[in-house]
Amino acid sequence: MPEPLRMNRCWVAARAVLCVAGMAATAALNAFPAPDPQPEKPVSAECAEYIADIETQLAKAKSEGNDDGVLAFTRTRVGADDCSDEVLDHFSGEGAVQGSR
């Protein structure tokens with residue numbers, strides 16, 4: 001059976017090696033630049049029309065004194081574009097979209 005003092009030294013040495021390796025890995029990851037953001041993909045005509053319709057409904061609601069917003073569903077008939085991502089991207093800064101799907 002190994003001596004307790006020798007066993008403790010081994011654990012301390014192992015921990016020190018792991019800490020140094022972790023710091024080296026962190027420094028290496030921080031040295032790389034962040035990836036370029038993805039370019040915006042064009043919005044289909046159907047989705048652009050749907051977003052414009054939501055904008056119109058929001059403007060109408062605000063003009064009537066209703067600041068609660070507008071409920072918009074992004075799932076449409078079969079075969080139509082699913083505009084959920086485009087709607088979320090468009091309204092994400094305004095806080096108009098509360099949830100998705």
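Refer to the preceding data block for the structure.
Bear in mind the structure is a predicted one, so any value in this text is a computation, not a measurement. (Residues numbered from 1 in each chain as written. Predicted model: local features only at pLDDT ≥ 70, side-chain atom pairs only at ≥ 80, totals over all residues. Heavy atoms only, no water.)

Enquirer: Which parts of the structure should I look at to understand the state of the cysteines?
Expert: Covalently bonding the sulfur atom of one cysteine to the sulfur atom of another cysteine gives a disulfide. Enumeration over the complete set of coordinates arrives at one disulfide. Two residues share a disulfide in this structure: Cys 47 and Cys 83, whose sulfurs sit 2.0 Å from each other. The chirality of the disulfide connecting Cys 47 with Cys 83 is left-handed, given an S-S dihedral of about -90°. Taken together, the residues Cys 47 in helix 2 (residues 45-63) and Cys 83 in the loop between helix 2 and helix 3 (84-91) connect sequence positions 36 residues apart. In this pair, the class of Cys 47 matches that of Cys 83, namely buried. (Disulfide = S-S within 2.5 Å. Helix = DSSP H or I, 4+ residues; strand = E, 2+ residues; numbered from the N terminus. Buried < 20%, exposed > 50% of the residue type's maximum accessible area, 1.4 Å probe, protein only.)

Enquirer: How do you make sense of the nonpolar core when you look at a structure like this?
Expert: Nonpolar side chains in soluble globular proteins generally cluster together in the buried interior. In this structure, Cys 47, Ile 51, Ile 54, Leu 58, Cys 83, Val 87 and Phe 91 together form the largest nonpolar core, which totals seven residues. When residues of this core are traced back to their parent elements, those giving at least two are helix 2 and helix 3. Ranked by residues supplied to this core, first place goes to helix 2 with four residues. (Core = buried A, V, L, I, M, F, W, Y, C linked by side-chain atoms within 4.5 Å.)

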